[in-house]
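# An overview of the molecular structure
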Amino acid sequence: MVRWQIEQRGLHNTRLLAALRELPRHLFVQPGDESFAYYDEPLPIGYRQTISQPYITALMTSLAELEGEETVLEIGTGSGYQAALLGMLAKDVISIERIPELAERARKKLADLDITNVEVVVGDGTAGYSPGAPYQAILVTAAAPSVPSVLLEQLSESGRLIIPTGSRSVQQLQVWQRCGDHFDSEDILPVVFVPLLGEYGWKENP
Ligand code: SAM
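First, a word on what this report is: a plain description of the structure on this page.

### Section: the overall build of the protein chain
A tally of regular secondary structure across the protein chain gives 6 helices and 9 strands. For the protein chain, the C-alpha radius of gyration of 15 Å lies close to 17 Å, the compact-globule estimate for 206 residues. Dimensions of the protein chain, computed from the C-alpha atoms along their principal axes, are close to 45 × 40 × 30 Å. When burial is assessed residue by residue, the protein chain has 52% of its 206 residues classed as buried. Summarising the internal contacts of the protein chain: among those between residues at least 6 apart in sequence, 54% fall at separations of at least 24. When the accessible surface of the protein chain is split by element, carbon and sulfur atoms take 51% of a total near 9400 Å². Each charge sign in the protein chain was given a centre, from 16 positive and 27 negative side chains, and these centres are 5 Å apart.

### Details of the pattern of salt bridges
If you walk through the whole model with that rule in mind, you get 5 salt bridges. Here D92 makes a salt bridge to K91, at a shortest N to O gap of 3.7 Å. Residue classification places K91 among the partly exposed residues on the basis of a relative accessible area of 43%.

### Digging into the sheet that holds strand β6 (residues 135–140)
Across the sheet, 7 strands lie side by side as β5-β4-β3-β6-β7-β8-β9; this open sheet has mixed pairing. In the strand order of this sheet, the two ends are held by β5 (118–122) and β9 (182–191), each with one partner. Averaged over all adjacent pairs, the angle separating strand axes in this sheet is 15°, with direction ignored. Where strand β8 (residues 171–179) meets β9, 9 bridges bridge the pair, whose relative direction is antiparallel. From the neighbouring strand, L173 faces β9, where its bridge partner is L189. Against the sheet, helix α5 (residues 100–112) makes contact with β4 (92–97) and β5, and its axis sits at roughly 165° relative to β5, the strand it touches most.

### A few points about the side chain of S52
Within the fold, S52 resides in the loop between β2 (49–51) and α3 (54–64). Beyond its immediate chain neighbours, meaning those up to four positions away, S52 contacts R25, P42, T57 and F193.

### Points about unusual backbone geometry
Here A133 and P134 are connected by a cis peptide whose omega angle stands at 5°. For D114, which is not glycine, the phi torsion reads 65° and is therefore positive. Considering the arrangement of structural elements, one finds D114 in the loop between α5 and β5. With a phi angle near 70°, S158 is a residue other than glycine that sits in the positive phi range. Classification of S158 as partly exposed rests on a relative accessible area of 41%.

### Some remarks on the pairing of β8
The pairing of strand β7 (residues 155–166) with β8 spans 7 bridges and is classified as antiparallel. Bridge pairing in β8 places I162 opposite V175. Connecting β8 to the next strand, β9, in antiparallel fashion are 2 residues, including G180 with a positive phi near 65°.

Quick notes on the rules
- Residues numbered from 1 in each chain as written.
- Predicted model: local features only at pLDDT ≥ 70, side-chain atom pairs only at ≥ 80, totals over all residues.
- Heavy atoms only, no water.
- Helix = DSSP H or I, 4+ residues; strand = E, 2+ residues; numbered from the N terminus.
- Rg over C-alpha atoms; globule rule 2.2 N^0.38 Å.
- Buried < 20%, exposed > 50% of the residue type's maximum accessible area, 1.4 Å probe, protein only.
- Contact = heavy atoms within 4.5 Å.
- Areas by Shrake-Rupley, 256 points an atom, 1.4 Å probe, with all protein chains shown as cover.
- Lys, Arg positive; Asp, Glu negative; His and termini not counted.
- Charge placed at Lys NZ, Arg CZ, Asp CG, Glu CD.
- Salt bridge = Lys/Arg side-chain N within 4 Å of Asp/Glu carboxyl O.
- Pairing = 2+ DSSP bridges.
- Axes fitted to C-alpha atoms, helices over the stretch in contact; angles between N-to-C directions.

Listed below in C-alpha cells is the structure:
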C-alpha cells in the first residue's frame, strides 16, 4: 500500500510513510473486510459512512505539514484510522464524530493500540471545537458545502485547514492557511467524500 499507492503518487515524508507502515489499517475496517483493508479505495464502516481511501488519508495528513508538536482537530472520526495516524505525527489530537456508535468504536481501537494522545468527542464538528483551539491544523474528513468561517477562526497563526468543499457529489480538496489577518487558499484535487452534516454543513442526508 505505502509503496504503490502513496510513494508512487509523490508523497515522500519519511515520518508519514513510517507511521503508515506501522499503523495496522486492517484493525479499522469492518469485521470480514480485513483482506480489503490495504486496497486503493474507501470501504464502508456502517451507518452509511466510510474509511477513506489510504492515499486521501495520507495526502490530507501530508498537507497538514505536521512536525510533532501540533495540536490538531479532526472533524469526522469515522473508523478512527485518520485520528490514529494524526496521533502518531502530532502532539495532541481532538477528533469529533457526530455518530456516537462510531465514536465509541474508534475510542476502543485507539485504546487497544495504546494511542493516548487522541481524544474522541461526540458532537457537531461543523462549529469546530473551541475548548481546544487554536489548532495548528484542522482536517475535515467529510464534504462541506463551503468553508465554515468558525473553523478558520480556530486556526493558530500559520495554521492549516484541510477541507473538501463543493457539491454533495464531488468536491475540491482545499488547504486554507492563516497568514496574519487574512487566509490563503489553494485547490489540491477533486475528491468525493460523504457529506458533512450539521449547523454549518449540509442539513440532512437526502
Ligand atoms: N476520518 C475517517 C476515517 O479515518 O475513518 C473517515 C471519515 S468518514 C469519510 C466521514 C465521517 O464524518 C463520518 O463518520 C461522519 O459520521 C462524520 N461526520 C459527518 N458530519 C459530521 C459533523 N458535523 N461532525 C462530526 N462528524 C461528522
